[in-house]
Amino acid sequence: MREQILAFFQAQNLLVVPEALDLILASPAPLEVSRTVVHAHKGILFITPDLVTPHLSSPAPEGGNGNGEGPPAPAGDLLGPRAGRSGPGDGFQLLRQGYGEPGVSATPLEAYTELFRDRFRSLSRFLRGRPDLADQVPVKELPRASGDVSLVVMLRDVETSAKQHHLILTVEDESGTARVLVPKDSRPSKVPFLPDEALGLRVHLPREPGGLPLVREVLRPDTPATREPHRSSRPSRVLFLSDTHIGSRMFLEDAWGELMDFLRGSSVRPDLAREIRHVVIAGDLVDGIGIYPRQENDLAIPDVVEQYAELGRRLREMPSGVQVVAVPGNHDAVCPAEPQPPLSPELLRLLPPSVRILGNPSTFSLEGVVIEAYHGRSFDDLIPSLPGARYERPTEVMRRMLLMRHLSPSYGGKTPLAPLPHDGLVMDPLPDIFVTGHTHTYGVERWRGILLLNASTWLAETEYQRMRNVKPVPARAAVVNLESYAVDALDFSGGPAEKGPPEAAG
Ligand SMILES: [Fe+2]
């Protein structure tokens, strides 16, 4: 039925977000509900939970959709006042928030088990049925199989064999656990493995008893090789910012002033400024308090509520008519475990009504263009794990996230993962624009029809960055044309804007 419903929406050029699909499938008459939703909302591009909910004729059967998956709460219900709701004619539509209500598991172990089960179910959908993963068997059937078979698994652990330095993967699915061998220097060994990522494995079973299955091919969930992005049907541009760190002594006040002059059309490129309807901020809106040792020495505003009040004042400097959509980061005053919830209503009240604060990450559309905003804490885990990866080249790491279709797979690193029943860090649906921050560097790259963007910072170099030898690239503003995807990168780091750095190849 899932495939049937997906095909129904696809035939009408509609994109259905996973939570909406789960709600439809949990209803007694999924096809009927789908038809009603489409009929009632002519001209829409995306099917979201808040569109589906009013058309569910009866409550979802207890226990979810029969696969053990309870329908997640509609995204709209997770939001406070003003947050996330579509406004009249402002071109915004919320598609998905990573954050969801906690489950009812009795222990943390049960809660994390539920999270990883959900992740496996979500990611295995991208691997099942692929022609290059023929003869798929559950892990528990492996001892009785022979020749070449395929597995769809989660990677639990990687070790290196003592003598010959082959890789030995411990993998699991819902049926069991197995160890498989990836020969040293073989093609599959060239892409680093990350714990808790989903994999499709083509394996050859050994003839001799006791030998480990040999991995011949590794597939990851990945993105389609080509895809046509959604485009705005009217002239519209988005300004992408990140890591404003309001409250820090190192906040680049002069550069921010130049940026505001630009936005008001009274400085460089008024032609661009005129078409900017939305500003997206990818987290670390304020510097916060107690985020790192002796942070109080770096703070101009030592009170977090005052920091948000100052953020409100700064955002009021933007011209009226510009809508702001922002997600929190690890410096903001929300739970640091990811996915993070939106700001509390108390803090939201300090911001102007033109500001929407969603959870981190969130997927939404602006003028029909799908944008995924993720702050990017997992750069701190992925960069040390991927040979050659660097903070200065953030889009390479973002490509790896797309390869895994996951923003932060590994448990137990620097990125705390929230034990929620639904894994909101899975990348589904795919965005047209994928924006991150956190690295305080800048990067733009086009990858398989997706614009990857790491959106700089408005904080000068900190002592902490000097210690870690990370050179920030501050005060860059990326303006993206939603019709053509042309990117104008403006550099405000040295006074009035100059042309920013070129795009990365790719
Ligand atoms: Fe930051």
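The following paragraphs examine the structure supplied in this document. Everything numeric in this text was worked out from a predicted model, so none of it was measured.

**Some points on the overall build of the chain**
Consideration 1: For the chain, the count of helices and strands is 12 helices and 20 strands.
Consideration 2: For the chain, whose C-alpha radius of gyration is 23 Å, the value lies close to the compact-globule estimate of 23 Å for 506 residues.
Consideration 3: Here the chain holds 506 residues, and 45% of them are scored as buried.
Consideration 4: A separation of at least 24 residues holds for 70% of the contacts in the chain among residues at least 6 apart in sequence.

**Digging into the environment of Asn330**
Consideration 1: Along the polypeptide, Asn330 turns up in the loop between strand 11 (323–326) and helix 9 (345–348).
Consideration 2: Separated by 189 residues in sequence, Asn330 and Glu141 have C-alpha atoms that sit 43 Å apart.
Consideration 3: Those residues in contact with Asn330, other than ones at most four positions away along the chain, are Asp284, Pro336, His375 and Arg377.

**Here's the deal with the sheet that holds strand 14 (residues 369–373)**
Consideration 1: Pairing is mixed in the open sheet, where 6 strands are placed in the order 3-13-14-15-17-16. Unpaired on one side and paired on the other, strand 3 (92–97) and strand 16 (442–447) mark the two borders of the sheet. Averaged over neighbouring strand pairs, the angle between their axes works out to 20° when direction is ignored.
Consideration 2: Most of the contacts of helix 11 (residues 394–404) go to strand 17 (residues 450–455), to which it runs at about 130°, and overall it touches strand 15 (433–436), strand 16 and strand 17.

**Re helix 1 (residues 2–11)**
Consideration 1: Counting buried positions over the 10 residues of helix 1 gives 0, only a small fraction of the element.
Consideration 2: Of the residues flanking the end of helix 1, it is Asn13, one or two places downstream, whose phi is positive at about 55°.

**Considering the environment of Pro345**
Consideration 1: With respect to the helices and strands, Pro345 occurs in helix 9.
Consideration 2: Under the C-beta neighbour-count criterion, Pro345 is labelled exposed, with 12 such atoms within 10 Å.
Consideration 3: It is 30 Å that separates the C-alpha atoms of Pro345 and His41, two residues lying 304 residues apart in sequence.

**Some thoughts on the nonpolar core**
Consideration 1: One finds Phe240, Val280 and Val435 to be the most contacted residues of the largest nonpolar core, which totals 110 residues.
Consideration 2: If you tally residues by element for this core, the top one is helix 2 (residues 18–26), at 6 residues.
Consideration 3: Setting aside residues up to four positions removed in sequence, Val280 forms contacts with Val238, Phe240, Val325, Ile371, Ala373 and Val435.

**Examining the packing of helix 1 against helix 3 (residues 30–40)**
Consideration 1: Packing of helix 1 against helix 3 leaves a shortest axis separation of 10 Å and a crossing angle of 20°. In terms of axis orientation, helix 1 runs roughly parallel to helix 3. Crossing hand, helix 1 versus helix 3: right-handed. Where helix 1 approaches helix 3, its residues Gln4, Ile5, Phe8 and Phe9 are matched on the opposing element by Pro30, Leu31 and Ser34.
Consideration 2: When grouped by side-chain class, the residues that make up the contact of helix 1 with helix 3 number 5 nonpolar, 2 polar and no charged.

**A closer look at unusual backbone geometry**
Consideration 1: Between Asn360 and Pro361 the backbone carries a cis peptide bond, its omega angle lying at 0°.
Consideration 2: Within the fold, Pro361 resides in the loop between strand 12 (355–357) and strand 13 (362–366).
Consideration 3: Cis geometry is adopted by the peptide bond preceding Pro429, which originates at Asp428 and carries an omega value of 5°.
Consideration 4: Phi at Arg294 is positive, roughly 60°, even though this residue is not glycine.
Consideration 5: Here Arg294 shows up in the loop between strand 10 (276–281) and helix 8 (304–316).
Consideration 6: Judged by the 8 C-beta atoms lying within 10 Å of it, Arg294 is exposed.

Conventions used here
Residues numbered from 1 in each chain as written. Predicted model: local features only at pLDDT ≥ 70, side-chain atom pairs only at ≥ 80, totals over all residues. Helix = DSSP H or I, 4+ residues; strand = E, 2+ residues; numbered from the N terminus. Rg over C-alpha atoms; globule rule 2.2 N^0.38 Å. Buried ≥ 20, exposed ≤ 12 C-beta atoms within 10 Å, placed from the backbone. Contact = placed C-beta atoms within 7 Å. Pairing = 2+ DSSP bridges. Axes fitted to C-alpha atoms, helices over the stretch in contact; angles between N-to-C directions. Core = buried A, V, L, I, M, F, W, Y, C linked by C-beta atoms within 7 Å. Parallel < 35°, antiparallel > 145°, perpendicular 65-115°, else oblique. Left-handed = near helix turned anticlockwise from the far one by under 90°. Nonpolar A, V, L, I, M, F, W, Y, C, P; charged D, E, K, R; others polar.

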